[in-house]
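The lines below spell out each chain.
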Amino acid sequence: MQQPIPKEFLLQVFPFYFAFDERLSFVHGGHSFSKLVENVSIGTSIFDFLELQRPQIPAISIHNIIENQRSIFVFRLLSSKIDLKGQIVYSEVDNLFFFLGSPAVKEANELIKNRLTLNDFALHDNTMEFLFILQAYQNQLNMRLADKNKELEYKQHEIEAQNEELKQQREEILSINERLEELVVKRTEELHKTIDNLYVQNQNLEQFSYIVSHNIRSPIARIMGLLQLFDYQNINNSFNIQVLQYIDECANNLNNIIADLSEIISIRKNLEKNKEYVALQANAESILESLKSEIIQTNAKITIESKGIDTIFSIKAYLQSILYNLVSNALKYKSSLRTPQITIVFQQVKGNLEIIVRDNGIGIDLENISEYQIFGLYKRVHNHVEGKGLGLYLVKTQVEALNGKIELTSTLGEGTTFTVTLPI
Amino acid sequence: MYGLVNQAIEDMITHQFSVAKWEEIKKTACLGDMAGFENMQSYPDNLTYDLIGAVSKTLDITTEQVLEAFGEYWVLYTAEKGYGDMLKMAGDSLPIFMNNLDTLHSIVGSMMPNLRPPSFQCTEITNHSLKLHYHSKRIGLTNMVIGLIKGLGKRFGTVCEVSLIESKKSEQGQEDVFFVKW
């Protein structure tokens, strides 16, 4: 004999239960069920508050429900969107269908939203265990994910740091490259200068070899020629004395040439001789003293003018040689038509010392004679005047050794002016 | 014990002190090489006891103080580390939550075979007090329970007093009764 199902028992064991009759009308339900389905009254069709998810049957009817009593029933509650999962039991005595089940959720949050707590579940219900397991695995995954993210972040930082380093290195290389290019340009310029210098040196050397082969050979040839004229048969021939005098003259000449050449070589070699303060006026006077006999012989009038400068810090021997040669040239190339007038001027112009030697001599035809011919070694402009052609070359060499320059202006038949400019 | 417990100790030290302090504690507990704990992995109980001992030694406080502080932290930690919803469902007031302590531990125990979670029972419940009976196979964690209740009090904003009124150690484990007043 079947007994009616006691409601109190149901409330404790299946708090989510609900009962309905053969017309599918709601009769009563558990207190947890009531939390999910508000304001449901007796007689309401169950499909007013739920829809069937499972089993998939064509149409719900009492007949179908009885047929499917071994099926799991899933109802979705329309208001809370929560699925209740369980089974349907028919009680003949009560003439009622009982749904016995509980929420099928995957997150505790769905329950919290519907104000359900642990106390709304029967103690035998495994829903909470299921949720806890899901939550625990979720937590574990989250932790691993966080670890991986940290790792990635760290790697990202590392990569960024490496990029920064690379960038710096690239900039360094670029700057080195730039500096290298500058250096190459500078070195190339220096190289060009050196090449130019070498070119000039080479020209000088060529000139030197020319002097050695020509100017030294010519007096030697003369000596040899004179020796052939020597009367060996008759040693006491008075002609021999004449020959010997000529030979002596040639030898002296040769000696002078060699002395001059060594002087030139030494100027080129010793660019840094000792410098000292040279008193310009006194220096000029001592040179005029050494040319005293030539001055008396030519009856030359010589004046010295100093304008704004008395001394210069320089190589005294060079200054002496420059002045000596210029004055001696002026005396040498005097005009036979007038008394020689020579003016020596020392003046300061734009931070330089200018030494001017002006004469009223025969002058030089500058239109037909190049500067090279004037200042070149053993070049002689006037063949009728005695001179070995070395003086002006020596002057030019010395002026250049003092970082200066020499220029001249001249009018044929009127006179010549040499201007030496030296840095102070 | 599960890795989660050891993780919570690590979290407590690194947050309330420093990472360097935690490294020091690990060294003292002879766990210097240990990189970290897996929260769902079971570790020997001795490892946790060693850690508690090392914390006590390094911070120069008693193990009882360490356990109480840890019990309190445990409530915060589990709520933060993904179990917040579970805790919410266990109740929104101190007495309701304490009533569900046993269910909560059973639920957790059912999925962690090595957990051997403690049991809790509430008796003599009034509006402002109850007696909480605590049974554990593990001995010596009494002060952790005190911290746990105080932590729950803070969680629900309820000022409470906890006193140990009975304590028994046996081969069965630890059996304590606490009187909780709020």
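In this text the structure is predicted, and so the values were computed from the model without any measurement.

For chain A, the helix and strand inventory stands at 12 helices and 13 strands. Scaling as 2.2 N^0.38, a compact globule of 424 residues should have a C-alpha radius of gyration of about 22 Å, whereas chain A reaches 64 Å, well beyond that. Put simply, chain A has 424 residues, and 39% of those count as buried. Long-range pairs, those at least 24 residues apart, make up 59% of the contacts in chain A with a sequence separation of at least 6.

We now examine the sheet that holds strand 13 (residues 415-423) of chain A. Residues and elements named next belong to chain A. Read from one edge to the other, the open sheet built from 5 strands follows the order 8-10-11-13-12, with strand pairing classed as mixed. Each edge of the open sheet carries a strand with a single partner, namely strand 8 (301-307) and strand 12 (405-411). Neighbouring strand axes in the sheet, compared pairwise and without regard to direction, differ in orientation by 15° on average. Sheet topology note: the strand 8/strand 10 (residues 341-349) ladder contains 7 bridges and is parallel. Bridging from a neighbouring strand, Glu305 pairs with Val345 of strand 10. Its contacts with the sheet place helix 8 (residues 280-290) against strand 8, strand 10 and strand 11 (352-359), and it is angled at close to 165° to strand 8.

All names here are of chain B. With antiparallel pairing, the 4 strands of this open sheet are ordered in space as 1-2-4-3. Looking at strand neighbours, the two that pair on one side only are strand 1 (119-123) and strand 3 (161-170), the edges of this open sheet. Each strand of the sheet is rotated relative to its neighbour by a mean of 20°, with strand direction disregarded. Summarising the sheet, strand 1 and strand 2 (residues 129-136) pair through 5 bridges and their orientation is antiparallel. The partner of Thr123 across the bridge, within strand 2, is Lys131. Of the strands in this sheet, strand 1, strand 2 and strand 4 (173-181) are in contact with helix 5 (residues 94-111), which crosses strand 1 at around 155°. Helix 6 (residues 142-155) contacts strand 1, strand 2, strand 3 and strand 4 of the sheet and is inclined by roughly 30° relative to strand 4.

A separate point is the state of the cysteines. All names here are of chain B. Within the structure shown, the criterion is met by 0 disulfides over all chains. Here Cys122 stays unpaired: no disulfide links it, and the sulfur of Cys160, its closest cysteine neighbor, is 13 Å away. With relative accessibility at 17%, the residue Cys122 sits in the buried group.

A separate point is helix 4 (residues 63-89) of chain B. The terminal C-alpha atoms of helix 4 of chain B lie 32 Å apart, and with 27 residues this falls more than 12% below the ideal 39 Å at 1.5 Å per residue. Once helix 4 of chain B finishes, B:Gly91 follows within two positions and takes phi at roughly 135°, a positive value.

Chain A puts 22 residues into the contact, and the matching count from chain B is 22 residues. Both faces considered, chain A and chain B share a buried interface measuring about 2000 Å² in area, 71% of it formed by carbon and sulfur atoms. Summed over the shared surface of chain A and chain B, the result is 1 salt bridge. The partner of A:Arg144 in a salt bridge is B:Glu38, and the shortest N-O contact between them spans 3.1 Å. The interface formed by chain A and chain B includes 7 residue pairs in polar contact (both at pLDDT 80 or more).

All names here are of chain B. Annotation of chain B at the domain level lists domain 1 (3-61) and domain 2 (67-181). Relative to domain 2, the C-alpha centre of domain 1 lies at a distance of 22 Å. Taken together, the contact between domain 1 and domain 2 spans 14 residues of the former and 15 residues of the latter. Both faces combined, the contact of domain 1 with domain 2 buries some 1300 Å², and carbon together with sulfur accounts for 69% of it. Connecting domain 1 to domain 2 are 2 salt bridges. Among the ionic pairs, Asp45 bridges to Arg138, the shortest N-O distance being 2.7 Å. Between the two partners, domain 1 and domain 2, sit 4 residue pairs in polar contact (both at pLDDT 80 or more). When residues of the side of domain 1 that touches domain 2 are traced back to their parent elements, those giving at least two are helix 1 (3-16) and helix 3 (45-59). No other element matches helix 1, which puts 9 residues into the side of domain 1 that touches domain 2. Per-class residue counts for the side of domain 1 that touches domain 2 are 8 nonpolar, 4 polar and 2 charged.

Residues and elements named next belong to chain A. Nonpolar side chains collect at one region of the surface, where Ile176, Leu180 and Leu183 lie side by side and expose about 250 Å² of accessible area between them. Here Leu183 shows up in helix 5 (residues 127-214). Owing to a relative accessible area of 40%, Leu183 belongs among the partly exposed residues under this scheme.

All names here are of chain A. Take Gln347: it is sitting in strand 10. As a C-alpha pair, Gln347 and Asp310 span 37 residues in sequence and 8.8 Å in three-dimensional space. Other than its neighbours up to four places away in sequence, Gln347 contacts Lys307, Ile309, Asn352, Leu353, Glu354 and Ile356.

Turning next to helix 5 of chain B. Residues and elements named next belong to chain B. Between its terminal C-alpha atoms helix 5 stretches 26 Å, which fits the 26 Å expected from 18 residues at 1.5 Å a residue. Of all the bends found along helix 5, the most pronounced is centred on Asn100 and spans about 45°. For helix 5, the set of buried residues is Leu94, Phe97, Met98, Asn100, Leu101, Leu104, Ile107, Val108, Gly109 and Met111.

About the criteria used
- Residues numbered from 1 in each chain as written.
- Chains lettered and ligands numbered in written order.
- Predicted model: local features only at pLDDT ≥ 70, side-chain atom pairs only at ≥ 80, totals over all residues.
- Heavy atoms only, no water.
- Helix = DSSP H or I, 4+ residues; strand = E, 2+ residues; numbered from the N terminus.
- Rg over C-alpha atoms; globule rule 2.2 N^0.38 Å.
- Buried < 20%, exposed > 50% of the residue type's maximum accessible area, 1.4 Å probe, protein only.
- Contact = heavy atoms within 4.5 Å.
- Pairing = 2+ DSSP bridges.
- Axes fitted to C-alpha atoms, helices over the stretch in contact; angles between N-to-C directions.
- Disulfide = S-S within 2.5 Å.
- Expected span 1.5 Å × (residues − 1).
- Buried area = accessible area lost by both parts, 1.4 Å probe.
- Salt bridge = Lys/Arg side-chain N within 4 Å of Asp/Glu carboxyl O.
- Polar contact = N/O pair within 3.5 Å; in protein donor to acceptor, adjacent residues only side chain to side chain.
- Domains from an automatic or database assignment.
- Nonpolar A, V, L, I, M, F, W, Y, C, P; charged D, E, K, R; others polar.
- Patch = residues over 30% accessible without salt bridge, like charges linked within 9 Å, V, L, I, M, F, W, Y side chains within 5 Å.
- Areas by Shrake-Rupley, 256 points an atom, 1.4 Å probe, with all protein chains shown as cover.
- Bend = angle between axes of the 7 residues up to and from the residue.

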